[in-house]
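Residue strings, one per chain:
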Amino acid sequence: KPSLRQFICAGGDRPENGMDGHLDFLIDIDLRPVLTPDPNGRIDYRFQRNLILVKAGMRVAIVTPPTLGARHGVTVKARDVKAEDGKPVRLTLLDGLTETEDRGVRVLTTTQDGELDWDSKRGEMRVSTHKVVDSVDLSLGNLKFIGNVTVQRNIEDGMTVEIQGDLTVK
């Protein structure tokens, strides 16, 4: 009966690539509906988390830089494979934000009150002081905003708009 033996017929070594940079948010930016039942088990759909409100001077995120590739690799044919460096986080700061360095850490801080808007696909972040909504109804929930609001259509019965600024209802 033949015996099976393991052996290496070809060997290589994978490169150890660097890690990509990223943002570590210091505030909750998740806009999933947070619906909490009252003591009777009923849910009031008017109270939803629909905006990320910030005040001037708030620290909102830490920018983690990319790391360098640590070790080159080798193919099975003894060719060198270069380790790739991590890519920096895609980030463009627009209105209402500044980037500072605090003990070697890059921190994003708001410079004005308003709504934090983070577009992860474009890598753009801003603090808006003006909000335009189609209507204030159960699909949006009550609206609480720091700044000016324009409602394109209606504010439905039973809904509330609480703002610190001008309200325009078309």
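Everything discussed here concerns the structure shown above.
Residues numbered from 1 in each chain as written. Predicted model: local features only at pLDDT ≥ 70, side-chain atom pairs only at ≥ 80, totals over all residues. Heavy atoms only, no water.

A.B. asks: Can you break down a nonpolar patch on the surface residue by residue, with the values?
C.D. replies: On the surface, a nonpolar cluster with roughly 220 Å² of combined accessible area is contributed by Ile155, Leu167 and Val169. The residue Leu167 is located in strand β15 (residues 167-169) in this model. Its relative accessible area of 41% is what places Leu167 among the partly exposed residues. (Patch = residues over 30% accessible without salt bridge, like charges linked within 9 Å, V, L, I, M, F, W, Y side chains within 5 Å. Areas by Shrake-Rupley, 256 points an atom, 1.4 Å probe, with all protein chains shown as cover. Salt bridge = Lys/Arg side-chain N within 4 Å of Asp/Glu carboxyl O. Helix = DSSP H or I, 4+ residues; strand = E, 2+ residues; numbered from the N terminus. Buried < 20%, exposed > 50% of the residue type's maximum accessible area, 1.4 Å probe, protein only.)

A.B. asks: Got a sec to walk through the pattern of salt bridges? Specific residues and values, please.
C.D. replies: Opposite charge on two side chains permits pairing when their charged atoms draw close. Taken as a whole, this structure holds five salt bridges when the rule is applied. Among the ionic pairs, Arg71 bridges to Glu16, the shortest N-O distance being 3.8 Å. Taken together, the residues span a long stretch of sequence, with Arg71 in the loop between β3 (59-64) and β4 (73-74) and Glu16 in the segment before β1 (22-25) at a distance of 55 residues. For Arg71, a relative accessible area of 35% corresponds to the partly exposed category.

A.B. asks: Which residues make up the environment of Gly12, and what values go with them?
C.D. replies: Take Gly12: it is sitting in the segment before β1. Overall, Gly12 belongs to the exposed group, its relative accessible area being 54%. When the C-alpha atoms of Gly12 and Arg42 are compared, they prove to be 62 Å apart, with 30 residues separating the residues in sequence. Excluding residues within four positions of it along the chain, Gly12 makes contact with Val74, Thr75 and Val76. (Contact = heavy atoms within 4.5 Å.)

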